[in-house]
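Now for the letters of each chain:
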Amino acid sequence: MIHELLLALSGYPGTIFTWNKRTGLQVSQDLPFLHPSETSVLNRLSKLGSDYMRFTEFIEQHTGHVHQQEHHMNQQNQTVLHGIYLRAFCTGLDSMLQPYRQALLDLEREFLGDPHLTISHVNYKLDQFQLLFPSVMMVVETIKSQKIHGCQILETVYKHSCGGLPPVRMALEKILAVCHGVMYKQLAAWMLHGLLLDQNEEFFVKQGPSAGGAAANQEEEEEDLGLGGLSGKQLRELQDLRLIEEENMLAPSLQQFSLRTEMLPSYIPIRVAEKILFVGESVQMFENHTHGPSRAGSILKHQEDTFATELHKLKQQPLFSLVDFENLIDRIRSTVAEHLWTLMVEESDLLEQLKVLPLTILFIGKSRVATGPRDGATPPQDTSPREVPPTGWAALGLTYKVQWPLHILFTPAVLEKYNVVFRYLLSVRRVQSQLQHCWALQMQRKHLKSTQMDAVKWRLRNHMAFLIDNLQYYLQVDVLESQFSQLLQQINSTRDFESIRLAHDHFLSNLLAQSFILLKPVFHCLNEILELCQSFCSMVSQSMAPLDERGTAQLDLLVKGFRRQSSLLFKILSSVRNHQINSDLAQLLLRLDYNKYYTQAGGTLGR
């Protein structure tokens, strides 16, 4: 019977020990030569045999010859457990079972040498597995029931290894080390060669943009602010709206790779994963776009073998060390970031490119430049015969030939954001120039007899010029020049590409925010004022004669519209200043009301 027991514990049941898929391995009932106490001990041992048979069944199902059928099975049923991490787990599980198999062999030898040994001796020899097998079986059942996939297996094994039982912890740590071997191979391919070897979508880096962006689909309801004051709730909503719009405008677009955060084990921080993502993206970009002798060579400065050796050493460690892991990732990232900084700042002359960027304006329309947009520019949209082509300042766009590797900084989405800012700045300058032209016309008519409507007209022009001049100075000095100076200072103070990219993103974010492009109520109000100013200048330029009845009515509408919009702007700026929510709005109010002219006018210009 002892040999029957050892065979059953090895996964080969017989007549005494029978196998049932639901209940597992059990001693046959009503055996006359077994005492009830012996039956109890044998059934306890049979639980080990049951777990062992389920372990081997799980291993055989997901490794070996099944591997050839795996791809076909996945196409038919995506819920079937599969993947290289699962096979690594099975490999580690099989290694964990080796001491158990060896214990059975040792028992076989002992019983052959001494036939008087009892079942209690078997129970004693296998007692170490009585706690181990049920704990490991919980991991297997969790993987099966929750269909754990890819790097999520690392997280599952890690959590179960944090228990207080040393044999269980040590066994699961060995299984985890085998699974980490797959991760290190993927890391080496991604970070050293830019290769994403992830056929079954198991790695925490994926191709394509992240799954976020729910905020981008959020629709904001614009409130009718009217002419009354703004409540604290409305002011907070304005601030929240700006933050939402800023996040949307600066969200990565057309991103080739991103993090699959649901696959990232909890013991690897997100900051480390972002470094891994950056290194792999940079290596792949460099490998795919090597042009010219100055860019020949390796972005890792020919240290691939060194880093590969260090990754292999980490792979051989029995326990995962976050300190050692992050230190190596930091060294690889620093090497890549410094090389990219050299390429951008020294070879591609980033500072000069940033200075030239705001001067390169392309007119898109009937007078389109014959050469068309250059490489890297945001291409103009072709208009059909039925569509009205863009006119005025809306037809102005930014064209910029992006040189490698500056294309990773000046993406099409970034250039479009520059376009939005510069169109706005140029429209303010245009209105300022038109108002100055109106002043010149006024000087030419000094010798003519003026009417009451002429006085209204020129008082309105002065109020408009006062507001537009201060707005233009705020945008040019307080926003553009100030932020650009900070950007240059930050670029000159580092040799790290990631710091440059962060500084540039911060620069662009501040341009959009401080120009009020992201704050819709203020931006809408300023646009209305600009349109009123343009209408006024058009009316003045078209006729030098005294206003007729129609012209008087048009002027009256312009005065009322400008008074209404200037009053709304003053109320928004004053409310924000009183609540100290938005420093940008407060700075603009400081420009407009520096000598209290706005306040003395009752917050309404154009009277």
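Scroll up to find the structure this text is about.
Criteria and thresholds
- Residues numbered from 1 in each chain as written.
- Predicted model: local features only at pLDDT ≥ 70, side-chain atom pairs only at ≥ 80, totals over all residues.
- Heavy atoms only, no water.
- Helix = DSSP H or I, 4+ residues; strand = E, 2+ residues; numbered from the N terminus.
- Buried < 20%, exposed > 50% of the residue type's maximum accessible area, 1.4 Å probe, protein only.
- Contact = heavy atoms within 4.5 Å.
- Areas by Shrake-Rupley, 256 points an atom, 1.4 Å probe, with all protein chains shown as cover.
- Pairing = 2+ DSSP bridges.
- 1 Å grid on protein atoms, 1.4 Å probe; cavity = no way out; pocket = protein on both sides within 12 Å on 5 of 7 lines; lining within 4 Å.
- Points joined across faces, edges and corners; volume = space filled by probe spheres on them.
- Phe/Tyr/Trp six-rings, centres within 6.5 Å; stacked < 30°, edge-to-face > 60°.
- Salt bridge = Lys/Arg side-chain N within 4 Å of Asp/Glu carboxyl O.
- Axes fitted to C-alpha atoms, helices over the stretch in contact; angles between N-to-C directions.
- Parallel < 35°, antiparallel > 145°, perpendicular 65-115°, else oblique.
- Left-handed = near helix turned anticlockwise from the far one by under 90°.
- Core = buried A, V, L, I, M, F, W, Y, C linked by side-chain atoms within 4.5 Å.
- Polar contact = N/O pair within 3.5 Å; in protein donor to acceptor, adjacent residues only side chain to side chain.
- Expected span 1.5 Å × (residues − 1).
- Disulfide = S-S within 2.5 Å.

J.: How do you make sense of the overall build of the protein when you look at a structure like this?
T.: A tally of helices and strands in the protein yields 20 helices and six strands. Counting across all 607 residues of the protein, residues that qualify as buried make up 47%. Taking the intrachain contacts of the protein between residues at least 6 apart in sequence as the baseline, contacts between residues at least 24 apart amount to 76%. Carbon and sulfur atoms make up 52% of the accessible area of the protein, which amounts to about 31,300 Å² in all.

J.: Just checking my understanding: could you explain the pairing of strand β2 (residues 24-27) for this structure?
T.: Regular strands place their side chains on alternate faces of the sheet. For strand β1 (residues 17-20) and β2, the ladder comprises four bridges, and the chain directions are antiparallel. Across the sheet, the residue bridging to N20 is G24, located in β2. Connecting the antiparallel pair β1 and β2 is a turn made up of three residues.

J.: It is not clear to me how empty space enclosed by the protein should be interpreted in this structure. Could you clarify?
T.: Where empty space is left can be seen by rolling a probe of water-molecule size over the atoms. In total, this model carries two cavities of 30 Å³ or more according to the counting rule given. If you trace the largest cavity, you find it lined by Q483, Q486, L487, Q490, A503, H506, F507 and N510.

J.: For this particular structure, what's the right way to read the environment of L97?
T.: Looking at where L97 falls in the secondary structure, it is placed in helix α4 (residues 84-113). A relative accessible area of 0% means that L97 is categorised as buried. C-alpha separation for the pair L97 and T56, spaced 41 residues apart in sequence, amounts to 9.0 Å. Setting aside its immediate chain neighbours within four residues, L97 contacts Y52, F55, T56, I59 and F133.

J.: For this particular structure, what's the right way to read the packing of aromatic side chains?
T.: How two aromatic rings sit relative to each other is set out by the distance from centre to centre and by the angle between their planes. Inspection of the entire model under this criterion finds 17 aromatic pairs. Taken together, a centroid distance of 4.6 Å and an interplanar angle of 45° make the contact between Y158 and Y267 tilted. Of this pair, Y158 sits in helix α7 (residues 152-160) while Y267 is found in the loop between β4 (257-259) and α10 (270-288), placing the two residues 109 residues apart along the sequence. Residue classification places Y158 among the partly exposed residues on the basis of a relative accessible area of 30%. Given a relative accessible area of 10%, Y267 falls into the buried group. Between Y267 and F320, the aromatic rings sit 5.3 Å apart at their centres with planes inclined by 65°, giving edge-to-face as the arrangement. Here the residue Y267 occupies a position in the loop between β4 and α10, and F320 occupies one in the loop between α11 (304-316) and α12 (322-347), the gap between them amounting to 53 residues. On the accessibility criterion, F320 (23% relative accessible area) is partly exposed.

J.: Any chance you could explain the pattern of salt bridges here in plain terms?
T.: Any two side chains of opposite charge can pair, so long as their charged atoms come close to each other. Evaluation of the coordinates by the stated rule reveals 13 salt bridges. E155 serves as the salt-bridge partner of K159, at 3.6 Å between the closest nitrogen and oxygen. Of this pair, K159 and E155 are both found in helix α7, four residues apart, which corresponds to roughly one turn of the helix. Between D556 and K560 there is a salt bridge, with the nearest N and O atoms lying 3.3 Å from each other. In this pair, D556 and K560 both sit in helix α18 (residues 549-579), four residues apart, roughly one turn of the helix. In this structure D556 comes out as partly exposed when scored by relative accessible area, which is 36%. Shared partners join several salt bridges into a network, and the residues in it are R271, K275, E326 and D330.

J.: Please explain the packing of α4 against helix α6 (residues 128-146) as it appears in this structure.
T.: To describe two helices that pack against each other, one gives the angle between their axes and the distance between the axes. Close contact between α4 and α6 brings their axes to 12 Å; oriented N to C, the two are set at 160°. With respect to α6, the element α4 is oriented roughly antiparallel. Considering the relative orientation of α4 and α6, their crossing is left-handed. Note on element contacts: α6 touches α4 through F129, L132, F133, V136, V139, V140 and I143, opposite L86, F89, L93, M96, L97, P99, Y100 and A103.

J.: I tried to follow the nonpolar core on my own but got confused; where do I start?
T.: The nonpolar side chains of a soluble globular protein tend to be buried, and buried together. With 162 residues, the main nonpolar core has F89, L126, F204 and F536 as its most contacted residues. Among the elements that take part in this core, helix α15 (residues 452-492) stands out by supplying 15 residues, more than any other. Beyond its immediate sequence surroundings of up to four residues, F204 is in contact with C151, M183, L187, S258, L259, R260, M263, L264, P265, A273 and I276.

J.: Explain the environment of Q29 to me, please; I cannot follow it from the model alone.
T.: Within the element layout of this structure, Q29 appears in the loop between β2 and α2 (36-62). Residue class for Q29 comes out exposed when judged on its relative accessible area of 70%. When the C-alpha positions of Q29 and T39 are compared, they lie 8.8 Å apart, and in sequence the two are 10 residues distant.

J.: Just to check I follow, could you spell out the side chain of S50 for this structure?
T.: In this fold, S50 is placed in helix α2. Leaving out residues up to four positions away in the same chain, S50 has contacts with W19, G24 and L25.

J.: I'm lost on unusual backbone geometry in this one. Help?
T.: Glycine aside, the phi torsion of most residues is negative, and most peptide linkages are trans. In the Ramachandran plot, K147 falls in the positive-phi region, its phi being about 50° despite a non-glycine side chain. Position of K147 relative to the elements: it lies in the loop between α6 and α7. Although it is not a glycine, F516 adopts a positive phi angle of roughly 65°. Relative to the elements of secondary structure, F516 occurs in the loop between α16 (497-514) and α17 (520-542).

J.: Looking at this structure, I do not really get the side chain of R260. What am I missing?
T.: In this fold, R260 is placed in the loop between β4 and α10. For R260, the side chain forms a polar contact with the main-chain oxygen of F203, separated by 2.7 Å. When near neighbours in sequence (up to four residues on either side) are disregarded, R260 contacts D198, E201, E202, F203, F204, V205 and K206.

J.: What is the right way to look at the environment of L192 in this model?
T.: Assignment of secondary structure puts L192 in helix α8 (residues 166-193). With 113 residues separating them in the primary sequence, L192 and D305 have C-alpha atoms 8.9 Å apart. For L192, the contacting residues outside a window of four places in its chain are L187, V283, L300, E304, F307, A308 and L311.

J.: Got a minute to help me understand α6 in this structure?
T.: Residues separated by three or four positions in an α-helix point in the same direction, a consequence of the helix having 3.6 residues per turn. Its 19 residues place the ends of α6 28 Å apart at the C-alpha level, agreeing with the 27 Å of an ideal helix rising 1.5 Å per residue. When α6 is considered as a whole, its buried residues turn out to be F129, Q130, L132, F133, S135, V136, M137, V139, V140, T142 and I143. Buried residues belonging to α6 abut α2, α4, α5 (119-125), α7 and α8.

J.: Any chance you could explain the state of the cysteines here in plain terms?
T.: Note on terminology: a disulfide is the covalent bond linking the sulfur atoms of two cysteines. Enumeration over the complete set of coordinates arrives at zero disulfides. C537 supplies the cysteine sulfur nearest to C533, a cysteine that is in no disulfide, at a spacing of 6.6 Å. On the basis of relative accessibility, which here comes to 0%, the residue C533 falls in the buried class.

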